[in-house]
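Coordinate analysis (summary)
Spelled out, the chains give:
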Amino acid sequence: MSETIKTDVLIIGAGPVGLFAVFELGLLDIKAHLVDILDKVGGQCAELYPEKPIYDIPGIPLITGHGLTEALMAQIKPFGPTFHLGEMVTMVEKTGEAAFRVGTDGGKIFECKVVVIAAGGGSFQPKRPPINGIEPYEDKSVHYAVRKMEHFRDKRILIVGGGDSALDWTLNLQPLAKRLTLVHRRDDFRGAPDSVNKMRALVAAGDMDLKIGQVADLEGADGQLAAASIKEKDGTVTRVEVDAMLPFFGLTMKLGPVAEWGLDLENNLIPVDTAAFETNVPGLFAIGDINTYPGKLKLILSGFHEGALMAQKAYHYVYPDKKLVFQYTTSSTSLQKKLGVA
Amino acid sequence: MSEVQEISRSTAVNNETMPKITFIEHDGTVHTVEAEIGATVMETALRNDVASIVAECGGSCTCATCLVHVDEKWSPIVGPPSSEEEEMLDAAFEVKPTSRLSCQIKVTKELDGLIVHTPAYQGR
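Residues numbered from 1 in each chain as written. Chains lettered and ligands numbered in written order. Predicted model: local features only at pLDDT ≥ 70, side-chain atom pairs only at ≥ 80, totals over all residues.

**Looking at the overall build of chain A**
Formally: A run of DSSP states H or I qualifies as a helix once it reaches four residues; a run of E qualifies as a strand once it reaches two. Both are numbered from the N-terminal end. Partly exposed residues are those whose C-beta has more than 12 but fewer than 20 other C-beta atoms within 10 Å; 20 or more makes a residue buried and 12 or fewer makes it exposed, with C-beta atoms placed from the backbone. Here contacts are defined at the residue level, using C-beta atoms placed from the backbone and a cut-off of 7 Å between them.
When its secondary structure is counted, chain A shows seven helices and 21 strands. The principal-axis extents of the C-alpha atoms in chain A amount to approximately 70 × 40 × 40 Å. Relative to its full complement of 342 residues, chain A shows a buried share of 41%. Contacts spanning at least 24 positions in sequence make up 61% of the contacts within chain A whose residues lie at least 6 apart.

**Focus: the overall build of chain B**
A tally of helices and strands in chain B yields four helices and five strands. Secondary structure elements of chain B occur, N-terminal to C-terminal, as α-β-β-α-β-α-α-β-β. Long-range contacts, defined as pairs at least 24 residues apart, comprise 65% of the intrachain contacts of chain B with a sequence gap of at least 6.

**What to know about the sheet that holds strand S4 (residues 99–101) of chain B**
Residues and elements named next belong to chain B. The condition is simple: For two strands to pair, DSSP has to find at least two bridges joining them. All axes here are fitted lines through C-alpha atoms, helices being fitted over the stretch that makes contact, and every angle between N-to-C directions spans 0 to 180 degrees.
The five strands are arranged S2-S1-S5-S3-S4 in an open sheet whose pairing can be described as mixed. Of all the strands in the sheet, the pair left with one neighbour each is strand S2 (30–34) and S4. Geometrically, the sheet is characterised by an average inter-axis angle of 35° between neighbouring strands, direction not taken into account. Two elements, strand S3 (residues 67–70) and strand S5 (residues 114–117), share two bridges in a ladder whose sense is antiparallel. Each residue of the ladder has a partner; that of Val70, found in S5, is Val116.

**Some points on the interface of chain B and chain A**
Using the following cut-off: Polar here means any residue outside two lists: the nonpolar Ala, Val, Leu, Ile, Met, Phe, Trp, Tyr, Cys and Pro, and the charged Asp, Glu, Lys and Arg; Gly therefore counts as polar.
Each partner contributes to the interface: chain B provides 16 residues, whereas chain A provides 16 residues. Its residues assigned to classes, the side of chain B that touches chain A shows seven nonpolar, four polar and five charged.

**A word on the confidence of the model for chain B**
All names here are of chain B. Short version of the rule: pLDDT is a per-residue confidence score from the predictor, ranging from 0 to 100.
Model confidence for chain B is summarised by a mean pLDDT of 89, while 87% of its residues fall at 70 or above. Segment residues 1–14 is flagged for pLDDT under 50; beyond a separation of four residues in sequence, or across chains, it makes eleven contacts in the model. Scoring the predicted complex yields pTM 0.84 and, for the interface, ipTM 0.80.

**Quick look at the domain arrangement of chain A**
We apply this condition: Each domain's limits were defined by an automated method or a database of domain assignments.
Partitioning chain A into domains gives domain 1 (4–125 + 252–338) and domain 2 (135–249). On a C-alpha basis, the centroid separation for the pair domain 1 of chain A and domain 2 of chain A is 38 Å.

**So, helix H5 (residues 193–204) of chain A**
Residue and element names in this part refer to chain A. Counted only if it meets this: Helices are assigned an expected span. That span is 1.5 Å times one less than the residue count.
Between the first and last C-alpha of H5 there are 16 Å, a value that for twelve residues agrees with the 16 Å anticipated at 1.5 Å per step. Counted residue by residue, H5 has one buried out of twelve residues, so it is predominantly exposed. Note on H5: the residue one or two positions beyond its end, Gly206, has a positive phi of about 80°.

**Considerations on the sheet that holds strand S9 (residues 109–112) of chain A**
All names here are of chain A. Spatially, the four strands line up as an open sheet ordered S1-S9-S8-S7, and their pairing is mixed. At either end of the open sheet lies a strand with only one pairing partner, and these are strand S1 (4–6) and strand S7 (89–96). On average, each strand axis in the sheet is tilted by 20° relative to the strand beside it, whichever way the strands run. Of the strand pairs in this sheet, S7 and strand S8 (residues 99–104) are connected by six bridges, and their pairing is antiparallel. Directly across from Gly96, in S8, lies its bridge partner Ala99.

Structure (structure tokens):
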């Protein structure tokens, strides 16, 4: 059964812009929940460049993606946002004046007054390897994630990749697989050394196979894999009989379900007005890299500005009968109380 | 290639001359463009609308969507990937011995005339 969660604002995306939106909304007594497909907050700052320096945050000469995420989390702490990580928003439905229903692939349903899309470059999704004819097997016998280990019991499994995901699933699934083969393009693994050692021990004991090469071809019917051809470094092609394949080539950003929510789109971006960063659907806002308007720059600082203006308009949907008085955090005792510093 | 290289080397005497880089896309489209010394090959591709370079992470060596196959003759001059880049190549497809992430190749005078081939698919 789906649980229904009621909140003022649902923010899609917990990157820097989504996080700062919590602050701007919080100052106006607006509560927010955030949903992000990653299992951590920070968006691209966390996934793509946690250790890389960022030089263009106003007033901060240098900060890493990780540092900025941590700082934003500290800044929004007084407002107690609720995070729903590892979930993708699949449905956004306007159900009335200042009323939305939002659903996730994790089965959660939100009822809220305002929706803010702060989804950056879209959702991070697994890279699909360019193997001819792979599509019909996807979600049937080619999987990009393991939801239930039991599903793989007594199967001949092919895992492709050389990072932690590939190694972790190799070690987890090997005991219950009928036979497990790991394929990687080079005989060097970037995963945790302990996992690499365990995998190599299994290979040495003859309990699994390791092939250095790339998957060139798949055989099977009706979505069920029968075999894969592996092209090894020296050019020889080996045929391995398999029931399931798990490719792990990291993540890439895709627009995803945003395209299905009745929004106008321009080159996969969401057009908004520049007074409130609202879309063609009243009460549905888009801030940060995912929006577009004349003069748009994809900068974190632009996303922060957009969040501040969005919050001003969102207030009128959340509190239609109240008058909003603009205040500064430097001088307003009421704002300072909300921040827990007065 | 040697002829092309000699011609460009001779014109490079003029300091105003920028190194030229040729991108050959998988469908045969050729872009020969001027590159700024110190910029990366990836940045050069984006500035010149080479569509097959995605560069999702903007040059942080974390996404492997700016893969190029360096022309065989140029490969020894460009050199091998760093270990960090080699690890990231694991997330690319159809990686060859001459493959590099173009965000990790800095344009220098020596690379004037460089030829790289871009793949059909960068992961999205």
